[in-house]
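Structure assessment
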Amino acid sequence: MNKLQIISFFILYAFVSTAVGQNALSTSHLTCEYQTNPSGIDALHPRLSWQLKSDFRNQRQSAYQILVADSPEKLSAGQGNIWDSRIVKSSHSIQIEYAGKPLQAAGKYYWKVKVWNQDHKASAWSETASWQMGLLVKSDWGNARWITLSELDMARYTGLTVDSIQNKVKNILPQFRKDFKILKPVKSAIAFVSGLGQFDMFLNGQKVGDHFMDPDWSNYEKYCYYVTFDITPQLQEGDNTVGVMLGNGFYDFPRGRYRKPQLVLMHGLPKMICKILVKYQDGSSEIVESNASWKAAQSPVTFSTIYGGEDYDATIEQEGWDKPGFDDSKWQPSVVVKGNDTLLSQQNTPNKVMETLPPVKIFKAQNGHWVYDFGQNASGIVRISVQGNAGAVVKITPAELVNPDGTVNQDATGKPYYFSYRLSGKGEETWQPQFTYYGFRYAQVEGAVPEGQDNPDALPVIKALTGLHTRNSAEKAGNFQCSNDLFNRTARLIDWAIKSNMSHVFTDCPHREKLGWLEQTHLMGASTQYNYNISSLFSKTISDMRSSQLDDGLIPSIAPEFCVFNDGKGQPNAFRDSPEWGSAWIILPWYMYQWYGDTRLMKDNYEGMKKYVAYLGSKAKDYIVDYGLGDWYDLGPKHPGSSQLTSMGVTATATWYYDVNILSKAAKLLGIKNDVIHYNLLAQNIKDAFNKKYFHKDTYQYDRNSQAANAMSLYMGLVDRKDRPKVTESLINDIRSRNNSLTAGDVGYRYVLRALEEGGASKVIFDMNNRSDVPGYGYQLEHGATSLTESWQALRDVSNNHLMLGHIMEWFYSGLAGIRQEENSVAFKDIVIKPEVVGDVTFVKAQYGSMYGQIKSEWEKKGKVFTLKINIPVNTHATVYLPFSEKSRVMESDKIPGKYVHFLRNEAGYQVYKVGSGSYDFRVENFN
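Within every chain, residues take consecutive numbers counted from 1 along the sequence as written. Residue-level local features of this predicted model are given only where pLDDT is at least 70; pairs of side-chain atoms are given and counted only at 80 or more, and the full residue set underlies all totals for whole chains, interfaces and linings. Note that the side-chain values use all heavy atoms of the structure and ignore hydrogens as well as water.

**Concerning the overall build of the protein**
Our working rule: Helix and strand labels come from DSSP, where a helix needs a run of H or I of at least four residues and a strand needs a run of E of at least two; each type is numbered from the N terminus. Throughout, the radius of gyration refers to the C-alpha atoms, and the reference size of a globule is 2.2 Å times the residue count to the power 0.38. Buried, partly exposed and exposed residues are distinguished by accessible area as a fraction of the type maximum, computed with a 1.4 Å probe on protein chains only: under 20%, between the cut-offs, and over 50%, respectively. In what follows, residue pairs with any heavy atoms lying within 4.5 Å of each other are defined as contacts. Here the accessible surface of atoms and residues is derived via Shrake-Rupley with a 1.4 Å probe, and residues count as covered only by protein chains that are part of the display.
Secondary structure summary: the protein contains 18 helices and 47 strands in total. Against the globule reference of 30 Å for 928 residues, the protein gives a C-alpha radius of gyration of 29 Å, in line with a compact fold. Taken along the three principal axes of its C-alpha coordinates, the protein extends 85 × 85 × 60 Å. The proportion of buried residues among the 928 residues of the protein is 61%. Sequence-distant contacts, at least 24 apart, represent 74% of the contacts inside the protein between residues at least 6 apart. A total of about 36,400 Å² of accessible surface is found on the protein, and carbon and sulfur atoms cover 48% of it.

**Regarding the pairing of strand 25 (residues 361–364)**
Selection rule: Whether two strands pair comes down to DSSP finding at least two bridges between them.
With four bridges connecting them, strand 25 and strand 26 (residues 370–387) associate as antiparallel partners. Looking at the pairing, Lys361 lines up with Asp373 of strand 26. Taking the residues between adjacent antiparallel strands as the criterion, strand 25 and strand 26 are bridged by five residues, where Gly368 takes a positive phi near 95°.

**Notes on the packing of aromatic side chains**
The following threshold applies: Geometry of aromatic contacts follows a simple scheme: Phe, Tyr and Trp rings, the Trp one being its six-membered ring, pair when their centres are within 6.5 Å, and the pair is stacked under 30 degrees between planes, edge-to-face over 60, tilted otherwise.
Under the counting rule described, the total for this entry stands at 59 aromatic pairs. Between the aromatic rings of Phe374 and Phe440, the centroid separation amounts to 5.9 Å while the plane-to-plane angle is 75°, which identifies the pairing as edge-to-face. Taken as a pair, Phe374 in strand 26 and Phe440 in strand 32 (residues 438–446) lie far apart in primary sequence, 66 residues in all. On the accessibility criterion, Phe374 (4% relative accessible area) is buried. Among the residues examined, Phe440 registers a relative accessible area of 4% and is labelled buried. Between Phe506 and Phe538, the aromatic rings sit 5.7 Å apart at their centres with planes inclined by 65°, giving edge-to-face as the arrangement. Within this pair, whereas Phe506 is found in the loop between helix 4 (485–500) and helix 5 (519–523), its partner Phe538 is found in helix 7 (residues 535–548), the two being separated by 32 residues in sequence.

**Some remarks on the sheet that holds strand 43 (residues 877–883)**
Formally: Interaxial angles span 0 to 180 degrees and are taken between N-to-C directions of axes, which are lines fitted to C-alpha atoms, for helices over the stretch in contact.
Ordered by their spatial adjacency, five strands build an open sheet running 38-39-43-46-45, and the pairing between neighbours is mixed. If you trace the sheet from one side to the other, it starts and ends with strand 38 (819–821) and strand 45 (901–907), each paired once. Strand-to-strand twist of the sheet, defined as the mean angle between neighbouring strand axes without regard to direction, takes the value 25°. Relative to strand 39 (residues 830–833), strand 38 is paired through three bridges, and the arrangement is antiparallel. Paired with Gln821 across the strands is Ile831, a residue of strand 39.

**Some thoughts on the side chain of Thr876**
Filter applied, for reference: In protein, a polar contact requires one atom able to donate a hydrogen and another able to accept it; more generally it is a pair of N or O atoms within 3.5 Å, and residues adjacent in sequence count only if both atoms are side-chain atoms.
As for its placement among the helices and strands, Thr876 is situated in the loop between strand 42 (865–872) and strand 43. Reaching out from Thr876, the side chain makes a polar contact with the backbone oxygen of Pro873 at a distance of 2.7 Å. Contacts of Thr876, omitting those with residues within four sequence positions, involve Phe828, Lys829, Ile831, Tyr852, Gly916 and Ser917.

**A look at the pattern of salt bridges**
Put simply, the rule reads: Counted as salt bridges are all cases of a side-chain nitrogen of Lys or Arg within 4 Å of a carboxyl oxygen of Asp or Glu.
Taken as a whole, this structure holds 43 salt bridges when the rule is applied. In this structure, Asp495 and Lys499 form a salt bridge, with 3.8 Å as the shortest nitrogen-oxygen distance. Placement of both Asp495 and Lys499 in helix 4 is noted, with a separation of four residues, approximately one turn of the helix. We classify Asp495 as buried; its relative accessible area is 12%. For Lys499, a relative accessible area of 6% gives the class buried. A network of salt bridges, in which partner residues are shared, links Arg750, Arg754, Glu757, Glu810, Arg820 and Glu836.

**So, helix 15 (residues 748–758)**
For an α-helix, the turn length of 3.6 residues means that residues three or four places apart are oriented alike. Most of helix 15 is tucked away, with 10 of its 11 residues classed as buried. Those residues of helix 15 not exposed but buried are Gly748, Tyr749, Arg750, Tyr751, Val752, Leu753, Arg754, Ala755, Leu756 and Glu757. Just downstream of helix 15, Gly760 is the residue with a positive phi angle, here 75°.

**Looking at helix 10 (residues 600–619)**
Counted only if it meets this: Helix span, as expected, comes to 1.5 Å for every residue beyond the first. The angle between axes fitted to the seven residues ending at a residue and the seven residues starting there is what we call the bend at that residue.
Here helix 10 spans 29 Å end to end across 20 residues, near enough to the 28 Å set by a 1.5 Å rise per residue. Along helix 10, the helix axis deviates most sharply at Tyr606, where the bend reaches about 60°. Every buried residue of helix 10 is accounted for by Arg600, Leu601, Met602, Asn605, Tyr606, Gly608, Met609, Tyr612, Val613, Tyr615 and Leu616.

**Comments concerning the packing of helix 14 (residues 724–737) against helix 16 (residues 762–769)**
How two helices pack is summed up by the angle between their axes together with the distance between the axes. This is how the line gets drawn: The cut-offs work like this: below 35 degrees is roughly parallel, past 145 is roughly antiparallel, 65 to 115 is roughly perpendicular, and the gaps in between are oblique. Each crossing gets its handedness from the near helix: less than a right angle anticlockwise from the far helix is left-handed, clockwise is right-handed. Residue classes follow a fixed rule: Ala, Val, Leu, Ile, Met, Phe, Trp, Tyr, Cys and Pro count as nonpolar, while Asp, Glu, Lys and Arg count as charged, and any other residue, Gly among them, counts as polar.
It is at 11 Å that the axes of helix 14 and helix 16 come closest, and there the two elements cross at 25°. As summarised for this structure, helix 14 and helix 16 are arranged roughly parallel, according to the angle between their axes. As helix 14 runs across helix 16, the sense of the crossing is left-handed. On the side of helix 14, the interface is formed by Ile732, Ile735 and Arg736, while helix 16 contributes Val764, Asp767 and Met768. For the contact of helix 14 with helix 16, the per-class residue count stands at four nonpolar, no polar and two charged.

**Quick look at the sheet that holds strand 41 (residues 853–862)**
Pairing within the open sheet is antiparallel, and its six strands lie in the order 35-40-41-42-47-44. Each end of this open sheet is capped by a strand with a single partner; those strands are strand 35 (478–482) and strand 44 (889–892). Each strand of the sheet is rotated relative to its neighbour by a mean of 10°, with strand direction disregarded. In the sheet, strand 35 pairs with strand 40 (residues 843–850) via five bridges, with the strands oriented antiparallel. By the bridge assignment for strand 40, Phe480 is matched with Ala846. Relative to the sheet, helix 18 (residues 808–816) contacts strand 35, strand 40 and strand 41, its axis offset from that of strand 35 by approximately 80°.

**Comments concerning unusual backbone geometry**
With omega at -10°, the peptide bond leading from Asp214 into Pro215 counts as cis. Inspection of the secondary structure assignment puts Pro215 in the loop between strand 13 (206–207) and strand 14 (224–230). Of note, Tyr34 is a non-glycine position whose phi angle comes to about 75°, a positive value. Structurally, Tyr34 is set in the loop between strand 1 (26–32) and strand 2 (47–53). For Arg86, which is not glycine, the phi torsion reads 60° and is therefore positive. Mapped onto the elements, Arg86 comes out in the loop between strand 4 (83–84) and strand 5 (88–89). Arg86 sits in the exposed class, given a relative accessible area of 58%.

**Some thoughts on the packing of helix 4 against helix 18**
One way to put it is that helix 4 packs onto helix 18 with a least axis distance of 9 Å and a crossing angle of 130°. As the angle between them shows, helix 4 and helix 18 are arranged oblique. Seen from helix 4, the contacting residues are Phe487, Thr490, Ala491, Ile494 and Asp495; seen from helix 18, they are Ile808, Met809, Trp811, Phe812 and Leu816. Here the contact of helix 4 with helix 18 is built from residues that sort into eight nonpolar, one polar and one charged.

**Brief notes about the nonpolar core**
Stated precisely, the cut-off is as follows: Among the buried residues, those of types Ala, Val, Leu, Ile, Met, Phe, Trp, Tyr and Cys that are joined through side-chain atoms within 4.5 Å form a nonpolar core.
Core analysis: the biggest nonpolar cluster contains 217 residues, and Leu465, Leu756 and Phe922 have the highest contact counts within it. Apart from the residues lying within four places of it in its own chain, the contact partners of Leu756 are Leu731, Ile732, Ile735, Ala761, Ser762, Val764, Ile765 and Met768. If you look at the next biggest cluster of nonpolar residues, it comprises 28 residues, including Leu235, Val244, Ile276 and Tyr280.

**Some thoughts on the environment of Lys665**
Within the secondary structure layout, Lys665 lies in helix 11 (residues 648–670). Separated by 10 residues in sequence, Lys665 and Asp675 place their C-alpha atoms 9.6 Å apart.

In C-alpha cells, the structure reads:
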C-alpha cells in the first residue's frame, strides 16, 4: 500500500467511524455518582454513567469518549480542558471513573460523552451534564464557624447523667439571620450548610430547596453531613438575608412535660455552620460565613423531638425575620462553639414531602374530639389551615389505629406523640411541622372544629387538614401489576411500607423507633431495589455501618448506633449482636456490585468486612455460630419475637457461610489470591460442620424441618448438589402439609421464596400467598392493613407499618414477571427473562430501570396462546425463556424467529432463546 492509499484509508476510516449512521446510538440519562447534575460531590474521582438508545436491535457500545470542561462554553467548543478521555475501546457505559486534572473544592464541571456502536458508527455528542464539587477538607470551610444560641457549659454538669443535664437545660430551638449585599451581576452562588440535628434554610423570605429534615442522621461523635444548595436564582441585587432554623432530630433529645423521649442522648445543643460562595460575572467572588456576626433568637418552634412531636407558637413569630430590612436589634449575637470537624457531603437522596393525602373521612369520637382518616397508613406529617383567636392551641395526635370509641390509639407506636399549634390570630393560618415525623393513618384534633360543624365554644375553625407523606426521595425504578387483584393489593401494601421506612436510614418503623435495623436492608434489598433506585441510600447505609463497627469487629444491629443494647453488664445482647443483622456489612457492598456495578464500596470497606467475618469466627464453636435473634417474628405457638421454629445456629451459621463466600468473591474481584484460598477453605469447613450438626440424611431435612432451616440451607448453598431435589421436596411437603401456610419470619421467609423459585416451585409460592384466611399478606389486607405490618397476624399491639416481611415483592418481579439477571452478571448486563405462569394469573406487566436502561416484561395468557413483549436495553443482552409444550409453536413479531433471535435449547417446559437489545414480541401458540 503506497502513501496515498494509506492516507485515503485513514480518511475513509475517520469518516466511517465518526459519521452518524442510521444504526448509530444516542446517549441519555447522564449521571455522576448515581445522580443527575449533582451538587456537593466529594469523590476525587467521580464515576460517570450513561444510558444508550437506538431504534435498532442488537446494538452495543464498542467505544466512548468523554470530555470534561470547567465551563459550558469550552465544552460546547469541544474543549475538554479538564479531561479528554480520548477514544476508549470499551463496552463499559457505567461507573467510568474520572481520570482528569485534580478537581477543585466547590468547582463546577461540565461533561458530555460520545459513543460508537459495534459497527464503529458514532453517536452525536450527548447533551451537557454537570456536577458541583463540595468542600473536600476542613480548610475548605475557611473561616466559617459553628454557631449556636447559647453555649452549653458541660463543665457545670460534670458527674451528672445525660438525663440529669437535659432536665437542667432549657429546650430552646434557635433561628439565625445574616444580612449581606450583592452589588454586581452574579454568575453563581452556592451554599454549604449543616444544622444539627435538623435545619431549614431560608433566603429572602423563601425556603431554600424542597428537602425535609436535612441533614442525614449520622454518627455525630465521628462526623456529620452538610448539604449543598445552588441559591443563584434566589439572590437579588442589593440587600439579601439568609436565615436558618434548627431542630433536634437525633442530635439532642429534649425533655418536655408528658413527653419523655424514647432514647436519652445528648450530643450537644443545636448548632449550625454555613458557607456561601458567590461568584460574580466579572471573575471576582465573595464569601458569606457563619460567625459571631450572625444574629440569633428563639424560634417559634418551642418544642421538637423525633419521638415526641413538635410545638409551634405563632404568637412569637417575627414577621420578616428572614428578609432584608428586618430590625434585629433585639436579637443577640450568635455564640461560636466547637462542632464536628469532619463534615461530609450529603449524597443520599434527600427526604421530601412526596405525596399529599387528603382526608377520606372526618368523624367525631365519643370523647368529642374530631378525627381525620387519611385512608392510608404512611410516614409523614400534617398540614393544617386554621382560623381563630390569638393564643388558642390546636393539638393534633397522629396514630395508626383507632379504638372502638373512635379515639386514636398510639399504644404500639410510642406515646405521647403530638403536634400543637398556637394561633397568632391573623386570619387564616397554615402550618406544618419541620423537624419530626410519625407513622399514621388518623389524626385526632383537640381545640378546633372542622369548618361547617357545630361550634358552640367558638373554637378555632379548621379550613383544611391534610396528610403529607414524607420519605427519602429515591426515584422510582420499577412498576408491577398483574391480573390477580390480591397480588396487586399486596404489592401496594409492601410498597407503602418500603416508602414509609426509607428515610435517612432504612427504618424499622416510622413511629416508635425510627432506627436503622440492618437485617431488613439485605433481606428486603432486592424487593426494594426492583422498586426504587436506592444506590445512594445503600451507600449511606454502608457508611453508617463503617462508622459503627467496634474495635473487635462487631457490627451492631442498628446503624448509626443511637441506642446501645446490652445485658446490663456492658456486654452486647442479642439485640445488639445478631449475625443475621450485622452481616448487612458484608452483603450490601456485594449487592451494590451486583445491582449497580459498584466495586468501590467493596474495595474501600474490604478490611472492615474481613474483620467482621473474623469476629463471627471468634464466636463460633467448631465452625457453628449459635446466638442472636434468629428467624425473628416467625409463626410459632407463642407471641412473635425471637425465633421459635428454627435453631439460632441454623440462621446464624448459614448467614456466616454466605458472608464467607461473598468475601471469597470479593477477594477474587480485588485480585487478593491468598484471601480467595483462605475463605474457600473456611467456607468448606463451615459447610461440613453445618451438615454434620443439622442435616438429617434419612429424611433430607435440616434442623427441625422448619421452612426457614430447609430454605436457608438451599439458598446459601449448604446442601450438596445431589441432595438438593430431596431437600426442596421436604420444604414443599412442609408447606403443603400446613394447607399451604407459611411459618418463616423476618429472616427465613425471603429464603423460602428464593428456594422455591430456584427449585421450580413458583406454583407453591402462588398457593401460599393467594389467600386471606391464614396469616400472611392477604390476611393483613383482610384485617384492614394499608401498609405491611410487623407481624403476619396484623397484631394491634405491634407496628402496623413495618418493612421487614415484604419479601414477595422480589418474586413479583423475578418470578411472575421473570426479570432477573444471570448468576455472574453485573448491573443486569446479562439479563434473564423467565416468566412464571402460575395459578389464575393471566397477565403481568412489569419494568425495572437498571443502570443500562429500562427492562420490560409483559405477558398475557389467553386460551392456548401466550404472548410476551420485552424490551432489552442497549449494550445488554438477554436469555429468554418461553413457556413451551410439545405441540407449541413460537413466533416473534408474527414471524418464525430469525435474525437477532437465536434458539438455544429446550429446558423443562421452556424453549430458550438469546436476544440482543431492542423490543421483541413473542407469541407461543398451542400453549397449555
